[in-house]
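Observations on the three-dimensional arrangement
As a plain string of letters, each chain reads:
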Amino acid sequence: MKHNELMTLRETADLLRLRPGTVQKMCQAGTIPHIAVNRRTRLFDRRDIDAWLSGKKVKPRERLRR
């Protein structure tokens, strides 16, 4: 898949290893970048999803010294 392609909800769910219903709920909550084509159809730009995932990285905590 090229990095500038639009993906369907199912393709995005597969990429994120989530259920399509979970991705749909994330769209409704506005927590994942998407393109609303109409009330039922959502498309996802791979570049936006990659950038969104990069922003979700959690840095490891430094080990506390005792």
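Structure: see above.
Residues numbered from 1 in each chain as written. Predicted model: local features only at pLDDT ≥ 70, side-chain atom pairs only at ≥ 80, totals over all residues. Heavy atoms only, no water.

One can find threonine 12 in helix 1 (residues 9–16). On the accessibility criterion, threonine 12 (0% relative accessible area) is buried. Reaching out from threonine 12, the side chain makes a polar contact with the backbone oxygen of threonine 8 at a distance of 2.9 Å. Once you skip the residues sitting within four places of it in the chain, threonine 12 turns out to touch Met7, Val23, Ile32, Phe44 and Ile49. (Helix = DSSP H or I, 4+ residues; strand = E, 2+ residues; numbered from the N terminus. Buried < 20%, exposed > 50% of the residue type's maximum accessible area, 1.4 Å probe, protein only. Polar contact = N/O pair within 3.5 Å; in protein donor to acceptor, adjacent residues only side chain to side chain. Contact = heavy atoms within 4.5 Å.)

Once that is clear, we can look at the packing of helix 1 against helix 3 (residues 46–55). It is the contact of helix 1 with helix 3, at a shortest axis distance of 12 Å, that shows an interaxial angle of 30°. The angle between helix 1 and helix 3 places the two elements in the roughly parallel class. When you trace helix 1 past helix 3, the crossing you get is right-handed. In contact with Thr12, Leu15 and Leu16 of helix 1, helix 3 contributes Arg46, Ile49, Trp52 and Leu53. (Axes fitted to C-alpha atoms, helices over the stretch in contact; angles between N-to-C directions. Parallel < 35°, antiparallel > 145°, perpendicular 65-115°, else oblique. Left-handed = near helix turned anticlockwise from the far one by under 90°.)

Within the largest apolar cluster, eleven residues are counted, these being Met7, Leu9, Ala13, Leu16, Val23, Met26, Cys27, Ile32, Phe44, Ile49 and Trp52. Leave out the neighbours within four places in its chain, and isoleucine 32 touches Thr12, Leu16, Val23, Met26, Cys27, Phe44, Ile49 and Trp52. (Core = buried A, V, L, I, M, F, W, Y, C linked by side-chain atoms within 4.5 Å.)

All right, on to the pairing of strand 3 (residues 42–45) then. Regular strands show a simple pattern: their side chains alternate between the two faces of the sheet. In the sheet, strand 1 (residues 6–7) pairs with strand 3 via two bridges, with the strands oriented antiparallel. Its bridge partner lying in strand 3, leucine 6 is registered against aspartate 45. In the sheet, strand 2 (residues 35–36) pairs with strand 3 via two bridges, with the strands oriented antiparallel. Each residue of the ladder has a partner; that of alanine 36, found in strand 3, is arginine 42. In textbook terms, the turn of a hairpin is the stretch between consecutive antiparallel strands, and for strand 2 and strand 3 this stretch comprises five residues. (Pairing = 2+ DSSP bridges.)

Among the residues of helix 2 (residues 20–29), Val23, Gln24, Met26 and Cys27 are the ones counted as buried. Down the axis, helix 2 shows its buried residues gathered within 160° of arc, on one side only. Turned more than 90 degrees off the buried face of helix 2, the exposed positions are Lys25, Gln28 and Ala29. Residues of helix 2 that are buried in the fold lie against helix 1, strand 3 and helix 3. Downstream of helix 2 by a residue or two, glycine 30 has a phi angle that is positive, lying close to 75°. (Arc of directions from axis to C-beta.)

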